[in-house]
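What follows is each chain in one-letter form.
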Amino acid sequence: DIQMTQSPSSLSASVGDRVTITCRASQAISNSLAWYQQQEGKAPKLLLHTASRLESGVPSRFSGSGSGTVYTLTIRSLQPEDFGTYYCHQYYSLPGTFGLGTKVEIK
Amino acid sequence: QVQLVQSGAEVKKPGASVKVSCKASGYTFTDYGISWVRQAPGQGLEWMGWISGYNGNTNYAQKFQDRVTMTTDTSTTTAYMELRTLRFDDTAVYFCVREDYSSGWYPYWGQGTPVTVS
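Each value, and the rule that gives it
- Residues numbered from 1 in each chain as written.
- Chains lettered and ligands numbered in written order.
- Predicted model: local features only at pLDDT ≥ 70, side-chain atom pairs only at ≥ 80, totals over all residues.
- Heavy atoms only, no water.
- Helix = DSSP H or I, 4+ residues; strand = E, 2+ residues; numbered from the N terminus.
- Buried < 20%, exposed > 50% of the residue type's maximum accessible area, 1.4 Å probe, protein only.
- Contact = heavy atoms within 4.5 Å.
- Areas by Shrake-Rupley, 256 points an atom, 1.4 Å probe, with all protein chains shown as cover.
- Pairing = 2+ DSSP bridges.
- Axes fitted to C-alpha atoms, helices over the stretch in contact; angles between N-to-C directions.

Here's the deal with the overall build of chain B
Link 1 in the chain: What chain B contains, in helices and strands, is zero helices and eleven strands.
Link 2 in the chain: When the helices and strands of chain B are placed in sequence order, the string is β-β-β-β-β-β-β-β-β-β-β.
Link 3 in the chain: Put simply, chain B has 118 residues, and 49% of those count as buried.
Link 4 in the chain: Across chain B, the fraction of contacts at a sequence separation of at least 24, relative to all contacts at a separation of at least 6, is 51%.
Link 5 in the chain: Accessible surface computed for chain B: about 5,500 Å², of which carbon and sulfur atoms make up 47%.

What follows is the structure, given as structure tokens:
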């Protein structure tokens, strides 16, 4: 199975800050990477797929980049509604695997 | 619009079985498969397996191979996930999810079904 290592595990940032979350795969995954946001008690919500493609309806302050084994999610200007836990997900090979999450708190 | 509506919370004893349902609507059921993903309390997400909405073919994660059965009922556009021989560490929220075509990523999620083994 491909292991996904996500960092940091948590962060606290102010509204307007730029936030970056990194995900490292144990082998190359050819941009087969998605990012989700999960808020307490809710199902995860898809933000991006194919490493950098924004899902319809997701604000443009979210962006993704990377290649090979290292991928990043950037929130350009953090908003109050961006709190929650963010997960990366590789779907390059089965079983699809997820990172352990990054909890984002608003200062 | 695509909707996945799951059955309600369950409480089971160790060794018992649980069967969770996922009623799909808003698309042609047989055009897509359904996957199941679970999340233990305070933990990350874990893929359990996939079932074709077309012909019922399945692909289970090795970890669950011996204990899980996924089925569909095309007449009611409902997918089911049964987990047997429950253990305390099966306590989790179970989600059904649908891909976008055969993309691999999940834009569509059920609301989740909490299963408590106690």
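Moving on from the model shown.
Remarks on the sheet that holds strand 1 (residues 4-7) of chain A
Within a sheet, adjacent strands bond to each other through the backbone by hydrogen bonds, running parallel or antiparallel.
Residue and element names in this part refer to chain A.
Link 1 in the chain: Strand order in this open sheet of four strands is 1-3-8-7, and the pairing throughout is antiparallel. Lying at the two open borders of the sheet, with one neighbouring strand each, are strand 1 and strand 7 (62-67). Adjacent strand axes in the sheet meet at a mean angle of 15° when their direction is disregarded.
Link 2 in the chain: As judged from the six bridges shared by strand 3 (residues 19-25) and strand 8 (residues 70-75), these two strands associate in the antiparallel manner. Pairing of Thr20 across the sheet is with Thr74, part of strand 8.

Let's talk about the environment of Ala51 of chain A
Residues and elements named next belong to chain A.
Link 1 in the chain: Locating Ala51 in the fold gives a position in the loop between strand 5 (45-49) and strand 6 (53-54).
Link 2 in the chain: Judged by its relative accessible area of 2%, Ala51 falls in the buried class.
Link 3 in the chain: When the C-alpha positions of Ala51 and Trp35 are compared, they lie 7.9 Å apart, and in sequence the two are 16 residues distant.
Link 4 in the chain: If we skip the residues at most four places from it in the chain, Ala51 touches Asn31, Leu33, Gly64, Ser65 and Tyr71.

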